[in-house]
Amino acid sequence: MNETVHVLLVEDNEIDREAVHRVFRRQQLDHAIVDAKDGVEALRLMRGGHVPRPSLILLDLNLPRLSGIEMLRHVRSDPALQSHVVLVLTTSRSPKDVADAYAQNVAGYMVKADLGPGLHLLGEFLDKYTRAVELP
Amino acid sequence: MPGRERGIDTESLRKYAEVLERHREELNAELTATAMEIPQLAAVVAAMDPADRAAATERSWHRTRRALVDGDWTEYLAGVDQEGETYARLGISLDTWFGLLADYRRALLPRIMALPRMEALAALDGENIFHEIAMARLSQAYLAAKEREVRKAETEREMFAELVRRSSLGVAIYEWTASPDLGSFRLIRANPAATRLSPGVEARLGTTFADTQPELLQTEIPARIAAVLRGGEPQDWTQVDAERRTWKCHTFALADRVAAVLFEDITADLEMEQLLKVRLTQLERSNRELDAFAYVASHDLKAPLQDIRNLAAWIREDAGTQLPPDTLRHLDLLADRVQRMERLLDDLLDYSRVGRMFEAPGEFQLDAALAGVVAYLRPPPGFTVLLDGPSQTIFTPRTPFEKVLRNLIGNAVKHHDRSSGTIRVSAHPNGEHLSITVSDDGPGIPAEYQERVFQMFQTLRPKDEMEGSGVGLTIVKKTVEWLGGRVDLASVGRGTHVTFTWPLTMATDPERAA
């Protein structure tokens, strides 16, 4: 059982960010959400200590400035960050994106359209996941 | 010559025939020996099979006997005509031929003179008559054959001259007057095309390069003509002149020291080819850009739609109980329009993918594909989809094929005006193609709309009454035409029949088959 989990939400679309916030609220998850609009901001927040452990990163791939895959490479090559658990949350079904993401050791790859109206499956999944899985 | 034959002393001729018959072997040997001294004849005789030679001699004796003994000259004269033609063709002169006969006669005469006096006189008479007839006929046949030959050669010469006159290729003929001087090629003939292509050619007739075209000595032309006249292979090359026109040239030897140069101006062809190449590249680029645009546009347009759908759902979730009924209805309409736009964008995406996203071809049965399409469409109860006639085996990318069927059958069901109906699908091979017809018993399409239904975004009923983006038939048409087929629609009164053709088999690369 984890203490308060900090979820770093890397997502450039404001409405998608809000959808995640809503699904957390509806599922009554008391995780703290830290918003980042792109990979550059996400890395800055992580390195600035704004994402305390235990933590989980929800990562969109198609981002301005620094894409999700590029940001993942930075995370995996930084000894202080490399152990972060990352779940990809994207619209892309491209096999290349899936392969590239898993090559960077993501814990899961989710396509938004598969998560039901208002991403409600994401809420249920994260509820069970953070309860069942020990996070670093 | 029937007139002459009438006064002939048949008794003398018969006597003469007896002499010939008696001395046949020796006379024959004499005739052959004399003939062998004429080279052309010797070659012909040497080439003959001994059996053929014997048969020819036998035929000749037979003809002579028929004339001299039976008085029937037809075969003999026909034989002489044929011989005359042969001699003329071999180029043996009439004099030589008469010489041959005179030698033969010299061998014959002593044999006649050795006979008793009265018989000898009669045989001599017969010999004289026979010889006269033979000589007269021979010269006639020979001259006629020669004349025919000359006429034929003349006709051929005229034919070839006309060919050169009419040719669109420029033809110039040069004689090398002072080899090895490259300036000494003299223009001796030029056809009208040469005059048209290269004005001034007529004035240069009879002059040499050095006289009137010294500038040509700086080009490769004289060297190439010299090369073919020295026994080289014919030469092909292109030449750009001072006015930047490009010439395609070909030269070959015509006779000793005479060469022909064929030439044409290919400047316009080259320019056209270049232009086509540029246009093709532009077209390919703009097609690629259009595809990319349609793809990106529909992708990127869908994201904000998703947002709008979310926002509408949240408004209802957060404030549903406080909203007046009209506002709730407006929210429903909003969701409905979002859905319509999403479908439109999906169809556009499909359209942009036609031909780009075809998978590798596979073999399948038409009835199996049809069953799959019906299972996907799930037509309402009351509607039946039937395969009329035998199934067919197809080797093709399956997805685009099923998409075409799905669109046509889907349309037939969707636009049906009754609660029940039958859609019939039939297929028959037509050469390399399969011709497939989808027929329904729906309301039909009035003639004035039949063209329009294939245009993008055209629907015949308001979108609020009938869901549909108006892209389906456009996709059908683009797909079928991409594969080299065609779509035809027929509707008179009730019922619509759409026929499309589809290649029965195709290369593994559908781009190439297209």
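Structural notes, computed from the coordinates. Values in this document were obtained by computation on a predicted structure and should not be read as measured data. (Residues numbered from 1 in each chain as written. Chains lettered and ligands numbered in written order. Predicted model: local features only at pLDDT ≥ 70, side-chain atom pairs only at ≥ 80, totals over all residues. Heavy atoms only, no water.)

**A short note on the overall build of chain A**
Okay, so step 1: Each helix and strand in chain A was counted, giving 5 helices and 5 strands.
Okay, so step 2: Ordered by position from N to C terminus, the α and β elements of chain A give β-α-β-α-β-α-β-α-β-α.
Okay, so step 3: For chain A, the proportion of its 136 residues judged to be buried stands at 53%.
Okay, so step 4: Across chain A, the fraction of contacts at a sequence separation of at least 24, relative to all contacts at a separation of at least 6, is 69%.
Okay, so step 5: For chain A, the computed accessible surface area is about 6,700 Å², with 51% contributed by carbon and sulfur atoms. (Helix = DSSP H or I, 4+ residues; strand = E, 2+ residues; numbered from the N terminus. Buried < 20%, exposed > 50% of the residue type's maximum accessible area, 1.4 Å probe, protein only. Contact = heavy atoms within 4.5 Å. Areas by Shrake-Rupley, 256 points an atom, 1.4 Å probe, with all protein chains shown as cover.)

**Quick word on the packing of aromatic side chains**
Residues and elements named next belong to chain B.
Okay, so step 1: By the definition in use, this model includes 16 aromatic pairs over all chains.
Okay, so step 2: Aromatic side chains Trp176 and Phe185 sit 4.8 Å apart centroid to centroid with 20° between the ring planes, which places their arrangement in the stacked category. Each member of the pair Trp176 and Phe185 is classed as buried.
Okay, so step 3: With centroids separated by 5.7 Å and ring planes inclined at 55°, the aromatic side chains of Phe364 and Phe401 adopt a geometry described as tilted. Linking Phe364 in strand 6 (residues 362–365) with Phe401 in helix 16 (residues 398–414), this pair joins segments that are 37 residues apart in sequence.
Okay, so step 4: You can call Phe364 buried: its relative accessible area is 6%.
Okay, so step 5: Grouped by ring-pair contacts, the aromatic residues Tyr16, Trp73, Tyr76 and Phe130 constitute a single cluster.
Okay, so step 6: Looking at Arg406, its charged tip hangs above the ring of Tyr376, at a distance of 4.1 Å from the centre. (Phe/Tyr/Trp six-rings, centres within 6.5 Å; stacked < 30°, edge-to-face > 60°. Lys NZ or Arg CZ within 6 Å of the ring centre and 35° of its normal.)

**Some remarks on the interface of chain A and chain B**
Size of an interface, as often reported, equals the accessible area lost when the parts are brought together.
Okay, so step 1: Across the boundary between the two partners, chain A contributes 8 residues, which contact 6 residues of chain B.
Okay, so step 2: Where chain A abuts chain B, roughly 660 Å² becomes buried across the two surfaces, and 48% of that area is made up of carbon and sulfur atoms.
Okay, so step 3: Of all residues in chain A, Ile15, Arg22 and Arg26 of chain A bury the most surface against chain B, accounting for 67% of the area lost on that side.
Okay, so step 4: In this assembly, chain A and chain B are joined by 3 salt bridges. (Buried area = accessible area lost by both parts, 1.4 Å probe. Salt bridge = Lys/Arg side-chain N within 4 Å of Asp/Glu carboxyl O.)

**Observations regarding the packing of helix 14 (residues 325–353) of chain B against helix 17 (residues 472–482) of chain B**
Residues and elements named next belong to chain B.
Okay, so step 1: Interaxial distance between helix 14 and helix 17 falls to 9 Å at its minimum, and their mutual angle equals 10°. The orientation of helix 14 with respect to helix 17, classified from their angle, is roughly parallel. Contact residues: helix 14 offers Asp347, Asp350, Tyr351 and Ser352, while helix 17 offers Thr474, Ile475 and Lys478.
Okay, so step 2: For the contact of helix 14 with helix 17, the residue count by class is 2 nonpolar, 2 polar and 3 charged. (Axes fitted to C-alpha atoms, helices over the stretch in contact; angles between N-to-C directions. Parallel < 35°, antiparallel > 145°, perpendicular 65-115°, else oblique. Nonpolar A, V, L, I, M, F, W, Y, C, P; charged D, E, K, R; others polar.)

**Examining the pairing of strand 10 (residues 433–439) of chain B**
All names here are of chain B.
Okay, so step 1: Strand 10 sits mainly inside the fold: 6 of its 7 residues count as buried.
Okay, so step 2: Pairing geometry for strand 9 (residues 421–430) and strand 10, over 7 bridges, is antiparallel. Bridge pairing in strand 10 links His428 to Ser435.
Okay, so step 3: Pairing between strand 10 and strand 12 (residues 497–503): 7 bridges, direction antiparallel. Looking at the pairing, Ser439 lines up with His497 of strand 12. (Pairing = 2+ DSSP bridges.)

**Considering the pairing of strand 11 (residues 487–490) of chain B**
Residues and elements named next belong to chain B.
Okay, so step 1: Going residue by residue along strand 11, you find Val487 and Leu489 tucked away on one face and Asp488 and Ala490 left uncovered on the opposite face.
Okay, so step 2: The pairing of strand 11 with strand 12 spans 4 bridges and is classified as antiparallel. The residue bridging Asp488 from the neighbouring strand is Thr499, located in strand 12.
Okay, so step 3: The hairpin turn running from strand 11 into strand 12, its antiparallel successor, is 6 residues long, and Gly493 in that turn takes a positive phi close to 70°.

**With respect to the pattern of salt bridges**
Okay, so step 1: For the structure shown, the criterion picks out 44 salt bridges over all chains.
Okay, so step 2: In this structure, Lys146 of chain B and Glu149 of chain B form a salt bridge, with 3.8 Å as the shortest nitrogen-oxygen distance. Here Lys146 of chain B pairs with Glu149 of chain B, and both are found in helix 8 (residues 117–166), just 3 residues apart, close to one helical turn.
Okay, so step 3: Taken together, the shared-partner salt bridges connect Glu11, Asp16, Asp60 and Lys112 of chain A into one network.

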